[in-house]
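Chain by chain, the residues run as shown.
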Amino acid sequence: MDLLTLILFMVGLVLLIGGAELLVRGASGLAARVGISPLVIGLTVVAFGTSSPELAVSVGSAWSGDADIALGNVVGSNIFNVLFILGLAALIAPLIVAQQLIRLDVPLMIGATVLLLLLALDGAISRLDGVLLTGGIVAYTTFLIWQSRKETNAAVLAEYDDVAPPAMAWPLQVGSVVAGLGLLVLGSRWLVDGAVQLASTLGVSDVIVGLTIVAAGTSLPEVATSILAGLRGERDIAVGNVVGSSIFNILAVLGVSSLVSPDGLNVASSMVTFDIPVAIVVAVACLPLFLTGRLIARWEGGVFLVYYVAYTLYLILNATDHDALPAYSNVMLAFVMPLTVITILVLAAREYRGRHGNLHTGIGIKEESTRGS
């Protein structure tokens, strides 16, 4: 194994961790200072910043005419965001889910993924489609900022009761965000380059590298940022970063990529029949899990991680045309998937009954109290 490649890989990882720490610290301080909630900062500044590697890779690929990498990077990154990043972050520390994510942002993530499938049905993401997607991210960002301004500074600062107040002056906080983003982009580029070279050294095919290492590598800033935000107690940023990044990937990254591509982005048939539908299922799975107590528990994080491993194994078996692929697919379709759907539905129904029962109990107590008086 090439020592220089290994050093490149490790230095990239160190830069990612350092950049994530600077970004979370600066963004959190700015959120409290200017009156924008941590959730909105996570959905915009942090999410968009950590998605910059996806933007750079996809736009560069689209410009050079390699649409498969541009689209595969986005779809693969979104699947990685939810299954791996949320799963790992929840496994380390259970994540609290803000009500806004349940009512607005997760449904929007689901809608954006469905829209991507509809646009891809004709075999291409055209420049006109790119205008539609880019307009969507502008409208979404504008709405988030407008909505956050309705909150008072006192309400926002109350979210930081358990977190130390900002110790840096605002120019240092801005500098921290900028430096953090720079380190994230540089670290992600070095780590991906190192990983690709390692894969070549080990004899792994380019197909597997494109489907797994590139998508996962460009998502490593989200990994570092969400985990560090969760460990620092800023769990709105941890969850909002993942959801916001997924929305940004589809609307902004694919929108800009299709605009700069000479002929738009051609969509491989496997994307329409498998990868994008998987991304839709993964996005939809978030909603009932988020509803169960507005908490992503450790065991739910573990389930997400297991599914990412299962998805990656399928990609490897399919890319290598392995003899075990039919049996593996049958097991997933006939047993694992239905069992997961049933489990999610049972949990959602139990949560609904619990809330509905508590509501009726509260009404009954109030009526008894009124009759008694």
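Structure: see above.
On a predicted model such as this, the values are computed, not experimentally measured, just so you know.

S.K.: Please clarify how the side chain of serine 257 should be interpreted in this entry.
M.R.: Within the element layout of this structure, serine 257 appears in helix α11 (residues 235-260). A relative accessible area of 0% means that serine 257 is categorised as buried. At 2.6 Å, the side chain of serine 257 forms a polar contact with the backbone oxygen of valine 253.

S.K.: What should I look at first to understand the packing of aromatic side chains in this one?
M.R.: Aromatic ring pairs are defined here through the distance separating the ring centres and the angle between the ring planes. The full count for this structure, using the stated rule, is 6 aromatic pairs. With 4.6 Å between their ring centres and 15° between their planes, phenylalanine 80 and phenylalanine 84 make a pair best called stacked. Pair noted here: phenylalanine 80 and phenylalanine 84 are both in helix α4 (residues 67-92), with a separation of 4 residues, about one helical turn. For the ring pair phenylalanine 274 and tyrosine 311, a centre distance of 6.2 Å and an interplane angle of 15° mean the geometry is stacked. Of this pair, phenylalanine 274 sits in helix α12 (residues 269-291) while tyrosine 311 sits in helix α13 (residues 298-319), placing them 37 residues apart in sequence. We classify phenylalanine 274 as partly exposed; its relative accessible area is 25%. Taken together, the ring pairs in this structure connect Phe80, Phe84, Phe274, Tyr308, Tyr311 and Tyr314 into an aromatic cluster.

S.K.: Quick question: what am I supposed to make of the nonpolar core here?
M.R.: Taken as a class, soluble globular proteins show a tendency for nonpolar side chains to be buried jointly. With 90 residues, the main nonpolar core has Leu86 and Phe290 as its most contacted residues. Here this core gets 13 residues from one element, more than from any other, and that element is α4. Discounting chain neighbours no more than four positions away, the residues touching phenylalanine 290 are Leu86, Val97, Ile102, Val106, Val239, Leu295 and Ile296.

S.K.: In this structure, what is going on with the side chain of serine 77? I would like to understand it.
M.R.: Among the structural elements, serine 77 can be located in helix α4. Side-chain polar atoms of serine 77 contact the backbone oxygen of asparagine 73, separated by 2.6 Å. Setting aside anything within four residues of it in sequence, one finds serine 77 in contact with Glu54, Gly72, Ala215, Thr218, Ser219 and Asn249.

S.K.: I tried to follow empty space enclosed by the protein on my own but got confused; where do I start?
M.R.: If a probe the size of a water molecule is rolled over the atoms, the empty space left behind becomes visible. Tallied over the entire structure, the rule returns 2 cavities of 30 Å³ or more. Roughly 60 Å³ of internal volume is contained in the largest cavity. Lining the largest cavity are Asn78, Ile79, Val82, Met109, Thr113, Ser246, Ala279, Val282 and Ala283. At the level of elements, α4, α5 (99-120) and α12 are the ones that each hand at least two residues to the lining of the largest cavity. The class makeup of the residues in the lining of the largest cavity is 6 nonpolar, 3 polar and no charged.

S.K.: How should α5 be read in this particular structure?
M.R.: Helical geometry note: an α-helix holds 3.6 residues per turn, so side chains three or four residues apart project in the same direction. Its 22 residues give α5 an end-to-end C-alpha distance of 31 Å, which sits within 8% of 32 Å, the value for a rise of 1.5 Å per residue. In α5, a bend of some 35° at aspartate 105 exceeds every other bend along the element, and proline 107, a proline, comes one to four places later.

S.K.: Just checking my understanding: could you explain the packing of helix α3 (residues 52-63) against α4 for this structure?
M.R.: Two packed helices can be described by the angle between their axes and the distance between those axes. Interhelical geometry of α3 versus α4 gives an angle of 155° and a closest axis separation of 7 Å. As the angle between them shows, α3 and α4 are arranged roughly antiparallel. Where α3 approaches α4, its residues Glu54, Val57, Ser58, Ser61 and Ala62 are matched on the opposing element by Ile69, Ala70, Asn73, Val74 and Ser77.

S.K.: Is there a simple way to explain a nonpolar patch on the surface in this structure?
M.R.: Together, Leu3, Leu6, Ile7, Met10, Val11, Leu13, Ile17, Leu186 and Trp190 give the surface a local cluster of nonpolar side chains, amounting to about 730 Å² of exposed area. Of all the elements in the fold, those that place two or more residues in the nonpolar patch are α1 (3-34) and α8 (170-201). Sorting elements by how many residues they give to the nonpolar patch places α1 first, with 7 residues.

Rules used in this analysis
- Residues numbered from 1 in each chain as written.
- Predicted model: local features only at pLDDT ≥ 70, side-chain atom pairs only at ≥ 80, totals over all residues.
- Heavy atoms only, no water.
- Helix = DSSP H or I, 4+ residues; strand = E, 2+ residues; numbered from the N terminus.
- Buried < 20%, exposed > 50% of the residue type's maximum accessible area, 1.4 Å probe, protein only.
- Polar contact = N/O pair within 3.5 Å; in protein donor to acceptor, adjacent residues only side chain to side chain.
- Phe/Tyr/Trp six-rings, centres within 6.5 Å; stacked < 30°, edge-to-face > 60°.
- Core = buried A, V, L, I, M, F, W, Y, C linked by side-chain atoms within 4.5 Å.
- Contact = heavy atoms within 4.5 Å.
- 1 Å grid on protein atoms, 1.4 Å probe; cavity = no way out; pocket = protein on both sides within 12 Å on 5 of 7 lines; lining within 4 Å.
- Points joined across faces, edges and corners; volume = space filled by probe spheres on them.
- Nonpolar A, V, L, I, M, F, W, Y, C, P; charged D, E, K, R; others polar.
- Expected span 1.5 Å × (residues − 1).
- Bend = angle between axes of the 7 residues up to and from the residue.
- Axes fitted to C-alpha atoms, helices over the stretch in contact; angles between N-to-C directions.
- Parallel < 35°, antiparallel > 145°, perpendicular 65-115°, else oblique.
- Patch = residues over 30% accessible without salt bridge, like charges linked within 9 Å, V, L, I, M, F, W, Y side chains within 5 Å.
- Areas by Shrake-Rupley, 256 points an atom, 1.4 Å probe, with all protein chains shown as cover.
- Salt bridge = Lys/Arg side-chain N within 4 Å of Asp/Glu carboxyl O.

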